[in-house]
Amino acid sequence: MAAPTSATWRIVLASGNPGKLAELSALLAPLGCQVQAQGEFHLAEAEEPHPTFIENALAKARHASFHTGLPALADDSGLCVEALGGLPGVRSARFAPQVEGPRAEQDAANNRLLLQQMEGQTLRLARFVSIMVALRHAADPEPLIVRGELIGQIGHAAQGQGGFGYDPLFVLADGRTLAQCDAQEKNRISHRGQALQTLLPLLRTHWGWMAASSERPQGWAIPTPTLPTSGEGVISPPPRRGGGRDGDGPAFP
Ligand SMILES: O=P(O)(O)OP(=O)(O)OP(=O)(O)OC[C@H]1O[C@@H](n2cnc3c(O)ncnc32)[C@H](O)[C@@H]1O
Ligand SMILES: [Mg+2]
């Protein structure tokens, strides 16, 4: 049977956030797979009721995979501010009371509330966190789960036009905000970029997906796991006893 080519791989992005979708599509481009946003399938957004990023990311990926029948990738992310005990955290998208209208207005309201809560704070340390989950199908018992983070400071006023969400308030070590970086630079350093750089090799080793060599950016290396073939450390399957099938539990003599 012919080996699958990258063109035969499809993945649905379990997000309704256009900023995230643009970043994820660019980050996945080296794989050469077909990337589709859940909106193309007219999917309603998944509920995100959980107190942790990982549970929400799983819920989003499972929802998208269940309704499309495709492998799915979800990111649950947020801003964790030290002086606010980790808030807005999993509530980052809905920090301020809900604003009707374009997403940018909700982002602006969230930023205003954050600035208000940070008034008088000298400790302005913050982290962007991304937990990413990839599922082969909705009942996949082995989700690939990775994380990425970016450390910075909360500024005193919004600066920059790029990115989305809290980017205009998130100040990097060089004094610029994330909204003052171009898209490529943000993807290179961001929590989402870091998570995806960890995920790409796992897609290869666990799912058999790999980038076409001509499409790999320079210096982009995929580690190949080496397993011992003889001698110490070789793991042999246990001898089969009885007629149990995989997944049926232990088979007794
Ligand atoms: O759930 P989906 O549909 O993916 O879209 P969302 O925007 O609701 O995404 P999350 O539930 O993961 O919430 C993440 C929020 O955290 C903030 N956030 C996450 N990553 C960010 C980034 O790179 N730059 C700025 N803000 C970010 C922003 O407010 C997001 O709306
Ligand atoms: Mg969300």
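Bear in mind that the values here come from a model prediction, so they are computed numbers and not experimental data.

Draft legend 1. Looking closely at the sheet that holds strand E5 (residues 144-154). Overall, mixed pairing links the 6 strands, which are arranged E2-E1-E3-E4-E5-E6 in an open sheet. The open sheet has two free edges, formed respectively by strand E2 (34-37) and strand E6 (170-171), since each of these has just one partner strand. Sheet analysis places strand E3 (residues 72-81) next to strand E4 (residues 125-135), joined by 10 bridges and oriented antiparallel. Across the sheet, the residue bridging to valine 81 is alanine 126, located in E4. Together, strand E1 (10-13), E3, E4 and E5 form the strand contacts of helix H2 (residues 53-68), whose direction differs from that of E3 by roughly 155°. Along the sheet, helix H5 (residues 191-207) makes contact with E1, E3, E4 and E5, crossing E5 at roughly 165°.

Draft legend 2. Representation of the layout of surface pockets in the model. Put simply, the largest pocket is a space of about 890 Å³. Around the largest pocket, the lining comprises 37 residues; the ones closest to its centre are Asn17, Glu48, Ala93, Arg94 and Arg103. Every element with two or more residues in the lining of the largest pocket is listed here: E3, helix H3 (103-117) and H5.

Draft legend 3. Summary view of the nonpolar core. Among the nonpolar cores identified, the biggest contains 22 residues, and Leu28, Leu73, Met132, Leu196, Leu199, Leu203 and Trp209 are the most heavily contacted of them. For this core, the secondary-structure elements that each account for two or more residues are E1, helix H1 (18-28), E4, E5 and H5. When residues of this core are assigned to their parent elements, the largest contribution, 6 residues, is made by H5. Residues Ala109, Leu114, Ala126 and Cys181 belong to the second largest nonpolar core, which totals 19 residues.

Draft legend 4. How the structure looks around the site of ligand 1. Not every one of the 22 residues close to ligand 1 is listed here, only the nearest: Ser15, Lys60, Asp167, Lys186 and Arg192. A distance of 2.7 Å separates an oxygen atom of ligand 1 from a polar atom in the side chain of lysine 20. Contacts to ligand 1 include lysine 60, whose side-chain N or O atom sits 2.7 Å from an oxygen atom. Calculation on ligand 1 without its partners gives an accessible area of 600 Å², and the protein chains cover 97% of this total. More than half of the atoms of ligand 1 fall within 2 Å of the grid points belonging to the largest pocket. Those elements that provide at least two residues to the shell around ligand 1 are E3 and H5.

Draft legend 5. Spatial organisation of the packing of aromatic side chains. One pass over the full model with this rule turns up 3 aromatic pairs. Note on phenylalanine 128 and phenylalanine 170: the rings are 4.5 Å apart at their centroids and 35° apart in plane angle, and the pair reads as tilted. One end of the pair, phenylalanine 128, is in strand E4; the other, phenylalanine 170, is in strand E6, and 42 residues separate them in sequence. On the basis of relative accessibility, which here comes to 6%, the residue phenylalanine 128 falls in the buried class. Residue class for phenylalanine 170 comes out buried when judged on its relative accessible area of 1%.

Draft legend 6. Fine view of the environment of aspartate 75. On the secondary structure map, aspartate 75 appears in strand E3. On the accessibility criterion, aspartate 75 (1% relative accessible area) is buried. For the pair aspartate 75 and leucine 21, spaced 54 residues apart in sequence, the C-alpha to C-alpha distance is 9.9 Å. Each residue touching aspartate 75, except ones within four places of it in the same chain, is listed here: Lys20, Lys60, Ser130, Ile131, Met132 and Arg192. Only 2.8 Å separates the side chain of aspartate 75 from the side chain of serine 77, close enough to count as a polar contact.

Draft legend 7. Structural context of H5. Taking 1.5 Å as the rise per residue, H5 with 17 residues should run 24 Å; its terminal C-alpha atoms sit 23 Å apart, in good agreement. Taken together, the buried positions of H5 are His191, Arg192, Gly193, Ala195, Leu196, Leu199, Leu200, Pro201, Leu203 and Trp207. Buried residues belonging to H5 abut E1, H1, E3, E4, E5 and helix H4 (183-189). Backbone geometry just after H5 places glycine 208 at a positive phi near 75°.

Cut-offs used in this document
Residues numbered from 1 in each chain as written. Chains lettered and ligands numbered in written order. Predicted model: local features only at pLDDT ≥ 70, side-chain atom pairs only at ≥ 80, totals over all residues. Heavy atoms only, no water. Pairing = 2+ DSSP bridges. Helix = DSSP H or I, 4+ residues; strand = E, 2+ residues; numbered from the N terminus. Contact = heavy atoms within 4.5 Å. Axes fitted to C-alpha atoms, helices over the stretch in contact; angles between N-to-C directions. 1 Å grid on protein atoms, 1.4 Å probe; cavity = no way out; pocket = protein on both sides within 12 Å on 5 of 7 lines; lining within 4 Å. Points joined across faces, edges and corners; volume = space filled by probe spheres on them. Core = buried A, V, L, I, M, F, W, Y, C linked by side-chain atoms within 4.5 Å. Buried < 20%, exposed > 50% of the residue type's maximum accessible area, 1.4 Å probe, protein only. Near = heavy atom within 4 Å. Polar contact = N/O pair within 3.5 Å; in protein donor to acceptor, adjacent residues only side chain to side chain. Areas by Shrake-Rupley, 256 points an atom, 1.4 Å probe, with all protein chains shown as cover. Sits in = over half its atoms within 2 Å of the grid points. Phe/Tyr/Trp six-rings, centres within 6.5 Å; stacked < 30°, edge-to-face > 60°. Expected span 1.5 Å × (residues − 1).

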